[in-house]
Amino acid sequence: MRIVRDLPALRAELAKLGPLALVPTMGALHEGHLSLLGIARRQAPAVAASIFVNPLQFGPQEDLSRYPRDEAGDLAKLEAAGCDLAWLPSVEVMYPPEGATAIEVGGPSEGWEGDARPGHFRGVATVCAKLFHQTGAAVALFGEKDWQQLQVIRRMVRDLDMPLRIQGCPTVREADGLALSSRNRFLSAADRAQAPALHAALRHVAAELAAGVPAGAAIATAKAGLAQEGFAVDYLALVEAETLREVSTLPGRLIAAARLGSVRLLDNIAAA
Ligand code: PAF
């Protein structure tokens, strides 16, 4: 695996590789990322992963310095997963001084995470656009766990005629249903035991909707149940899968964000 940290070295390595499948990451790699790499391998002759903790997608109240980092461990995982190229730009390489351009996606960026984390999707879209241009990837893979992020990136690629395909990949879960996330490591033992209740609540709501229970009632009951179990629920909603607009009838996507202690958990499932 080639490890590159600046644009000239990246371009030199890309010239030796065929069409590329890219897995953009912020490091702290877990089985969810490794499953993306496995799927990437089937999409293109060469596989690259980027590791870049993107300051632009963290708000002023969010602790960028607390984001888990383990470069040596991540590189060993990428190597073992058969990754051909690891792209590790520094902040200075990604955002040279005097940069004055950012990408603002409307539509699916609005509401939910867009409200909870102002500026977040602007940062995500900007860094993803840069990663796509830097690597010239033919396909980029993203986990469905960050459902709204996936829709924002799809919309940006469509609106800006970017010449690559975006592939969403299934959320990888612990045996008890908890969606894998690099933030799970910050859960206390008690909160870790409680955390799968979020996924269970989504599944329960999906089953109720399929049985004809009105969305408003099913969701209100689920939110109350989660609050009793110690969650601070930011939102739990039925939305149109691509636009993220709230809907009251199936089909849709059930999306949720809830805090347990200091950890904010996200999850979503299809509801049909
Ligand atoms: O999902 C992530 O890890 C990040 O938001 C991404 C897509 C790598 C952009 O920094």
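Residue positions are given per chain, counted from 1 along the sequence in the order it is written. Local features are withheld for residues below a pLDDT of 70 in this predicted model, meaning they are given only at 70 or higher, and side-chain atom pairs are given and counted only at 80 or more; totals for whole chains, interfaces and linings count all residues. Side-chain descriptors were evaluated using all non-hydrogen atoms of the structure, hydrogens and water having been removed beforehand.

Peer 1: How would you summarise the overall build of the protein chain if you had to cite specific residues and measurements?
Peer 2: Per the secondary structure count, the protein chain includes ten helices and nine strands. For 272 residues, the compact-globule estimate of 2.2 N^0.38 gives 19 Å, and the C-alpha radius of gyration of the protein chain, at 19 Å, lies within 12% of that figure. If you line up the protein chain on its principal axes, its C-alpha atoms span 55 × 40 × 40 Å. Only protein chains enter the area calculation, which uses a 1.4 Å probe; residues under 20% of their type maximum are buried, those over 50% are exposed, and those in between are partly exposed. Per-residue burial over the protein chain gives 49% buried out of 272 residues. For the protein chain, long-range pairs separated by at least 24 residues make up 72% of all intrachain contacts whose partners lie at least 6 apart in sequence. For every accessible area listed, the method is Shrake-Rupley and the probe measures 1.4 Å; residues are considered covered only by the protein chains on display. Carbon and sulfur atoms provide 53% of the accessible area of the protein chain, an area that totals close to 12500 Å². The averaged location of the 30 negative side-chain charges in the protein chain is 3 Å from the averaged location of its 27 positive side-chain charges. Helix and strand definitions follow DSSP, with helices as H or I runs of at least four residues and strands as E runs of at least two, each counted in order from the N terminus. A radius of gyration in this sense is built from C-alpha atoms; the matching globule rule multiplies 2.2 Å by the number of residues raised to 0.38. Contacts: residue pairs with any heavy atoms within 4.5 Å of one another. The charge count treats Lys and Arg as positive and Asp and Glu as negative. His and the chain ends do not count. All charge positions are set by atom: Lys at NZ, Arg at CZ, Asp at CG, Glu at CD.

Peer 1: Now, about helix α10 (residues 215-228): what can you tell me, with residues and values included?
Peer 2: Each helix should span, by expectation, one fewer than its residue count multiplied by 1.5 Å. Across its 14 residues, α10 extends 20 Å between first and last C-alpha, which sits within 8% of the 20 Å expected from 1.5 Å per residue. Of all the positions in α10, only Ala215, Ala218, Ile219, Ala222 and Leu226 are classed as buried. All buried residues of α10 fall inside an arc of 90° around its axis, so they share one side. Away from its buried face by more than 90 degrees, α10 exposes Gly216, Thr221 and Gln228. Relevant arc is that of directions from the helix axis to the C-beta atoms, nothing else.

Peer 1: Please set out the layout of surface pockets residue by residue, giving values where relevant.
Peer 2: Rolled over the atoms, a probe as big as a water molecule pinpoints where empty space is left. Estimates place the volume of the second largest pocket at around 320 Å³. For the lining of the second largest pocket, the per-class residue count stands at seven nonpolar, six polar and two charged. Each cavity reported here is a set of points on a 1 Å grid over the protein atoms alone in which a 1.4 Å probe fits but cannot get out, each pocket an open set with protein on both sides within 12 Å along at least five of seven lines, and each lining residue one with an atom within 4 Å of a point. Grid points are joined across faces, edges and corners, and a volume is the space filled by probe spheres set on the points. Asp, Glu, Lys and Arg are counted as charged, while Ala, Val, Leu, Ile, Met, Phe, Trp, Tyr, Cys and Pro are counted as nonpolar; the rest, among them Gly, fall into the polar class.

Peer 1: Break down the pattern of salt bridges for me, with residues and values.
Peer 2: For this analysis, a salt bridge means a side-chain nitrogen from Lys or Arg found within 4 Å of a carboxyl oxygen belonging to Asp or Glu. Here the structure, examined in full by the defined rule, presents 15 salt bridges. As a salt-bridge pair, Glu104 and Arg122 come within 2.7 Å of each other at their nearest N and O atoms. Of this pair, Glu104 sits in the loop between α4 (91-94) and α5 (113-116) while Arg122 is found in helix α6 (residues 120-135), placing the two residues 18 residues apart along the sequence. A salt bridge links Asp267 to Arg173, with the shortest nitrogen-to-oxygen separation between them at 2.9 Å. Of this pair, Asp267 sits in strand β9 (residues 263-271) while Arg173 sits in the loop between β6 (165-169) and α8 (189-194), placing them 94 residues apart in sequence. One connected set of salt bridges, linked through shared partners, spans Glu113, Asp234, Arg259 and Arg264.

Peer 1: Can you explain the nonpolar core? Please cite residues and give values.
Peer 2: Grouped together as the largest cluster of nonpolar side chains are 41 residues, with contacts concentrated most on Phe132, Met156 and Ile166. The biggest single contributor to this core is α6, with eight residues. In contact with Phe132, other than residues within four places in its own chain, are Leu22, Ala137, Ala140, Phe142, Ile153, Met156, Val157, Met162, Leu164 and Ile166. Nonpolar cores were defined as sets of buried Ala, Val, Leu, Ile, Met, Phe, Trp, Tyr and Cys residues, with membership established by side-chain atoms within 4.5 Å.

Peer 1: Pulling in residues and values, what's your account of the sheet that holds β9?
Peer 2: Only strands that DSSP links by at least two bridges are regarded as paired with each other. Sheet architecture is open: three strands sit in the order β7-β8-β9, paired in antiparallel fashion. Each edge of the sheet is formed by a strand with only one pairing partner; in this case those strands are β7 (232-239) and β9. Ignoring strand direction, the axes of neighbouring strands in this sheet form an average angle of 10°. Pairing between β7 and strand β8 (residues 252-260): seven bridges, direction antiparallel. Here an angle of 0 to 180 degrees is reported between the N-to-C directions of two axes, which are lines fitted to C-alpha atoms, with helices fitted over the stretch in contact.

Peer 1: Outline the environment of Gln149, listing residues and values.
Peer 2: Tracing the backbone shows Gln149 in helix α7 (residues 147-159). Remark: the alpha-carbon pair of Gln149 and Gly27, spanning 122 residues in sequence, is separated by 17 Å. Setting aside residues up to four positions removed in sequence, Gln149 forms contacts with Phe121, Val124 and Phe142.

Peer 1: Account for the side chain of Thr135, with residues named and values stated.
Peer 2: Structurally, the position occupied by Thr135 is in helix α6. According to the relative accessible area criterion, Thr135 is buried, its value standing at 5%.

Peer 1: Let's hear about the packing of helix α9 (residues 197-210) against α10: which residues, and what values?
Peer 2: Between α9 and α10, the least distance of the axes is 10 Å, while the angle of their chain directions is 160°. In terms of their interaxial angle, α9 and α10 are classed as roughly antiparallel. Regarding α9 and α10, the two cross each other, and that crossing is right-handed. Side by side, α9 and α10 meet where Ala197, Leu198, Ala201, Val205, Glu208 and Leu209 of the first sit next to Ala215, Ala218, Ile219, Ala222 and Leu226 of the second. Taken together, the residues that form the contact of α9 with α10 break down as ten nonpolar, no polar and one charged. When describing relative orientation, an angle under 35 degrees is termed roughly parallel and one over 145 degrees roughly antiparallel, while 65 to 115 degrees is termed roughly perpendicular and anything else oblique. Handedness of each helix crossing follows the sense of rotation of the near helix against the far helix: counterclockwise by less than a right angle gives left-handed, clockwise gives right-handed.

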